[in-house]
Amino acid sequence: MEHFTLLIAIVIITALAFDFTNGFHDTANAMATTISTGAMKPRAAVAMSAILNLVGAFLSVEVARTISGGIIDEEAGIQPEVIFAGLVGAIVWNLLTWLAGLPSSSSHALFGGLIGATAASVGFGGINGDAVVTKVVIPAIAAPLVAGFAAVMATRLTYRITRDADEATSAKGYRAGQIASAALVSLAHGTNDAQKTMGVMTLALIAGGSLAPNSDPPLWVITSAGLAIALGTYLGGWRIIRTLGKGLTDIQPPQGFAAQTSAATTILASSHMGFALSTTQVCSGAVTGSGLGRRGGVVRWNTVSRMVVAWLLTLPAAGVVGALGALLAERGDWGVATVAVLLVVVSGLIWARSRRKPISHENVNDVEPVVEPAAAAAAAVEPVADDEVVTTAKVNGSVNGSAKSSVNGSGNGSTVVDGEQPVPVSALAPPAAAPEPTPPTERSAPTAP
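All of the points below concern the structure found in this document.

The rules we used
Residues numbered from 1 in each chain as written. Predicted model: local features only at pLDDT ≥ 70, side-chain atom pairs only at ≥ 80, totals over all residues. Heavy atoms only, no water. Helix = DSSP H or I, 4+ residues; strand = E, 2+ residues; numbered from the N terminus. Buried < 20%, exposed > 50% of the residue type's maximum accessible area, 1.4 Å probe, protein only. Contact = heavy atoms within 4.5 Å. Areas by Shrake-Rupley, 256 points an atom, 1.4 Å probe, with all protein chains shown as cover. 1 Å grid on protein atoms, 1.4 Å probe; cavity = no way out; pocket = protein on both sides within 12 Å on 5 of 7 lines; lining within 4 Å. Points joined across faces, edges and corners; volume = space filled by probe spheres on them. Expected span 1.5 Å × (residues − 1). Phe/Tyr/Trp six-rings, centres within 6.5 Å; stacked < 30°, edge-to-face > 60°. Lys NZ or Arg CZ within 6 Å of the ring centre and 35° of its normal. Lys, Arg positive; Asp, Glu negative; His and termini not counted. Salt bridge = Lys/Arg side-chain N within 4 Å of Asp/Glu carboxyl O. Polar contact = N/O pair within 3.5 Å; in protein donor to acceptor, adjacent residues only side chain to side chain.

1. A word on the overall build of the chain
Point 1. Secondary structure summary: the chain contains 15 helices and 4 strands in total.
Point 2. Taking all 449 residues of the chain together, 49% fall into the buried category.
Point 3. Contacts spanning at least 24 positions in sequence make up 81% of the contacts within the chain whose residues lie at least 6 apart.
Point 4. Carbon and sulfur atoms form 64% of the exposed surface of the chain, whose accessible area is close to 21,600 Å².

2. A look at empty space enclosed by the protein
Point 1. Within the structure shown, the criterion is met by 5 cavities of 30 Å³ or more.
Point 2. Of the volumes computed, that of the largest cavity is approximately 40 Å³.
Point 3. Lining the largest cavity are Ala-28, Asn-29, Thr-33, Leu-244, Ala-259, Gln-260, Ala-263, Cys-283, Ala-286 and Val-287.
Point 4. Counting only elements with at least two residues in the lining of the largest cavity, the list comes to α1 (2-36), α10 (253-273) and α11 (279-293).

3. What to know about helix α2 (residues 42-56)
Point 1. Compared with the 21 Å implied by 1.5 Å per residue over 15 residues, the 21 Å span of α2 between its first and last C-alpha is a close match.
Point 2. Taken residue by residue, α2 has Pro-42, Ala-45, Val-46, Met-48, Ser-49, Ala-50, Asn-53 and Gly-56 as its buried positions.

4. What to know about the packing of aromatic side chains
Point 1. On inspection of all chains with the given rule, the structure shows 2 aromatic pairs.
Point 2. With 5.6 Å between their ring centres and 75° between their planes, Phe-20 and Phe-24 make a pair best called edge-to-face. Here Phe-20 and its partner Phe-24 are both found in helix α1, 4 residues apart, which amounts to about one turn of the helix.
Point 3. Note on Phe-20: relative accessible area 25%, which makes it partly exposed.
Point 4. Note on Phe-24 and Trp-98: the rings are 5.7 Å apart at their centroids and 70° apart in plane angle, and the pair reads as edge-to-face. One end of the pair, Phe-24, is in helix α1; the other, Trp-98, is in helix α4 (residues 80-100), with 74 residues separating them in the sequence.
Point 5. The exposure class of Phe-24 is buried, given its relative accessible area of 10%.
Point 6. On the accessibility criterion, Trp-98 (11% relative accessible area) is buried.
Point 7. Taking the ring centre of Tyr-234 as reference, the NZ or CZ of Arg-43 above it sits at 5.4 Å.
Point 8. Sitting over the face of the ring of Trp-98, Arg-239 holds its NZ or CZ atom 5.6 Å from the ring centroid.

5. Considering the environment of Lys-196
Point 1. Among the secondary structure elements, Lys-196 is positioned in helix α7 (residues 167-207).
Point 2. Distance from Lys-196 to Ala-57, taken between C-alpha atoms, is 10.0 Å for residues 139 residues apart in sequence.

6. Structural notes on the environment of Leu-87
Point 1. Within the secondary structure, Leu-87 sits in helix α4.
Point 2. Assessed through its relative accessible area of 0%, Leu-87 is described here as buried.
Point 3. Taking the C-alpha atoms as reference points, Leu-87 and Thr-197, 110 residues apart in sequence, are found 9.6 Å from one another.

7. Notes on the side chain of Asp-26
Point 1. In this fold, Asp-26 is placed in helix α1.
Point 2. One buried charge, Asp-26, has no salt-bridge partner; the nearest side chain with opposite charge is Lys-196, at 6.4 Å.
Point 3. A distance of 3.4 Å separates polar atoms of two side chains, one belonging to Asp-26 and the other to His-25.
Point 4. Beyond its immediate chain neighbours, meaning those up to four positions away, Asp-26 contacts Ser-104, Ser-106, His-189, Asp-193, Thr-279 and Thr-280.

These figures come from the coordinates and say nothing about function on their own.
Below is the structure:
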């Protein structure tokens, strides 16, 4: 019984560790657009999000019931070490995608880890397939599309309403609206993602005999899960904030307001129905939709495609790690200890790798917009005004820069070569050939008188 209690404690601690990674992995969902548009300072934004995540954790337990008694069959003989292995799979995938700056789904990482570990332990009979389809797969497909479409419509409506308004005044108002909508997303995130960890902790307690089947999470479970996700949120997943705020599209305040409002509405509606959807997918879909909704907006499809690939890989990748962890953890005490040590080592290596190019609240917005190939091609064929001449400087056989000099201007156009000081265009041109000397004029001979 003493060993069993220790194992339950290990599972609870690991669940809270996952909840912590979920917090900093998903901070971008609520605050990326708010930070990228300058509506709030980075530190203030993540602090507000952390507080509201904690509050949201106490508002509902519907999603927790889905996790503890829906996806995994409580009566299938699942042991605490299997849940521990599933959590390890989710944590490893969360850390890998955080290192890559990809806003993947922490929820699907958790589902994948639990499903893989359960399948390896008791077979697929321990998984409620109908619940996986209705509560996980369908929301995963529908939620980002619904949020994206809502963001497209909201963005177009927003710009139409304010088309005659003063741009500076409307931008200020929308920044205030962004703060309110970001607060709503943070609250919604607490009602959904914090509950997933509550559900896992409750499942572990049921598997260990500490709770009766179909029990709701105890108050200490709700409180600890809320505090863990709030702490992770406050630390801020700056890498993913940069990707979501700058990498998908160029966000303006009206777009940020439309995207966050659409995402919050979708998340709250899903939480009410008990759908354990991915808030990351919802918010990413909403941000992409806001880029499509603004006339002249640019969506960076290369980043979108990388993100979608990560979404598709999340559940199976976490499932494979969870299955391997379960096979090892079921060997006994040494198996559980080995899985725990491997988790610590892998986490340490990922953290050390992230220190090579650290991203924090100080440089989260220090990124140049990526030019899409289509935009670059359009710029290449853009007609040049009559009063401008585009001069390309070629030094040592390579093109180093270009400059525009006005024909009617001062006449001393210049260009920047390899980041140095401006160099006069005339200095880069080949020297003019020296004029050929004019032959002396032959004098005519004097005529005889």
